[in-house]
Amino acid sequence: MTEITILIAYGLLVMVTILLQVLGAMTQLSMGYLMSARDDNRGTTGMVARIERALNNSIVAMTLFAPAVLILVITEQTNPTTLLAAQVFMIARIIYLPVYAIGVPAVRTLAWLAGFLATAVLYFQAL
């Protein structure tokens, strides 16, 4: 597995999270509302709301992770450290999503921190 394949896998994980969020929203909000302009701002609750927050965080994580990986690949600076950092990021995000969804705050925070620090390593490697 390379940094690029990890980036692709993470993109797929975000897509799965989008599907989970949409399916969850369908259980709490009417189809009519979901297909509307959503001018009256209705929210979800419980696990569905946590999945939505996890999705938003996952998109932010992608905006940091993807450029770091692409910079490293384009400049041909990938190495065992960058691969390990990308792997740690991916594992952390795989852990982050379900623990956030089921509501395990301490583990969620540690997983987030591991992914964030792994992303920082990628940027430092690109310097």
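Structure: above.
Notes on the structure follow. What you see is a predicted model, and the numbers here were worked out from it, not measured in a lab.

Cut-offs and rules
Each chain carries its own residue numbering, running from 1 in the written order of its sequence. The predicted origin of the model limits local features to residues at a pLDDT of at least 70 and limits the giving and counting of side-chain atom pairs to 80 or more, whereas totals for whole chains, interfaces and linings rest on all residues. In computing side-chain properties, one takes all heavy atoms of the structure into account and sets aside hydrogens as well as water. In this description a helix means any DSSP run of H or I spanning at least four residues, a strand means any run of E spanning at least two, and both kinds are numbered starting from the N terminus. What a helix is expected to span follows from its residue count: subtract one and scale by 1.5 Å. In this scheme, a residue with accessible area under 20% of its type's maximum is buried, one over 50% is exposed, and one in between is partly exposed, where area comes from a 1.4 Å probe on protein chains only. Read the arc as the range of directions from the helix axis to the C-beta atoms. Between two residues, a contact is recorded if the distance between any of their heavy atoms is within 4.5 Å. Definition of nonpolar core: a set of buried residues of the types Ala, Val, Leu, Ile, Met, Phe, Trp, Tyr and Cys, connected through side-chain atoms within 4.5 Å. Here, axes are lines fitted to C-alpha atoms. For helices the fit covers the stretch in contact, and angles between N-to-C directions go from 0 to 180 degrees. Between 65 and 115 degrees an angle is taken as roughly perpendicular, under 35 as roughly parallel, over 145 as roughly antiparallel, and anywhere else as oblique. Crossing handedness: left-handed means the near helix sits turned counterclockwise from the far one by under a right angle, and right-handed means the same turn made clockwise. Residue polarity follows a fixed list, in which Ala, Val, Leu, Ile, Met, Phe, Trp, Tyr, Cys and Pro are nonpolar, Asp, Glu, Lys and Arg are charged, and the others, Gly among them, are polar.

## Let's talk about helix H5 (residues 105-126)
Every α-helix winds through 3.6 residues per turn, so residues three or four apart in the chain are directed the same way.
Point 1. Taking 1.5 Å of rise per residue, 22 residues should cover 32 Å, and H5 covers 32 Å from first to last C-alpha, within 8% of that figure.
Point 2. Burial in H5 covers these residues: Ala111, Gly115, Ala118, Thr119 and Leu122. For H5, the angular spread of the buried residues around the axis is 95°, confining them to a single face. For H5, exposure combined with an orientation more than 90 degrees from the buried face picks out Ala106, Leu110 and Phe124.
Point 3. Turning to H5, the residues buried within the fold contact helix H3 (46-74) and helix H4 (80-102).

## Quick look at the environment of Ala86
Point 1. Within the element layout of this structure, Ala86 appears in helix H4.
Point 2. On the accessibility criterion, Ala86 (0% relative accessible area) is buried.
Point 3. Ignoring sequence-local partners within four residues, the contact set of Ala86 consists of Glu3, Ile6, Phe65 and Leu122.

## Focus: helix H1 (residues 3-28)
Point 1. The terminal C-alpha atoms of H1, which comprises 26 residues, lie 38 Å apart, in line with the 38 Å expected from a rise of 1.5 Å per residue.
Point 2. Check the buried side of H1 and you find it contacts helix H2 (31-34), H3 and H4.

## Focus: the nonpolar core
Point 1. Counting residues in hydrophobic clusters, the biggest one holds 24 residues, and the most contacted among them are Leu7, Tyr10, Met62, Phe65, Phe89, Tyr96 and Leu122.
Point 2. Looking at this core, the elements with two or more residues in it are H1, H3, H4 and H5.
Point 3. It is H3 that contributes the most residues to this core, nine residues altogether.
Point 4. Apart from residues no more than four positions distant in its own chain, Leu7 is found in contact with Met62, Phe65, Ala66, Val69 and Leu70.

## Points about the packing of H1 against H3
Point 1. In the contact formed by H1 and H3, the axes pass within 9 Å of each other and the chain directions differ by 165°. By the angle class used here, H1 and H3 are roughly antiparallel. At the point where H1 passes H3, the crossing takes the left-handed sense.
Point 2. Residue composition of the contact of H1 with H3, by class: 19 nonpolar, seven polar and two charged.

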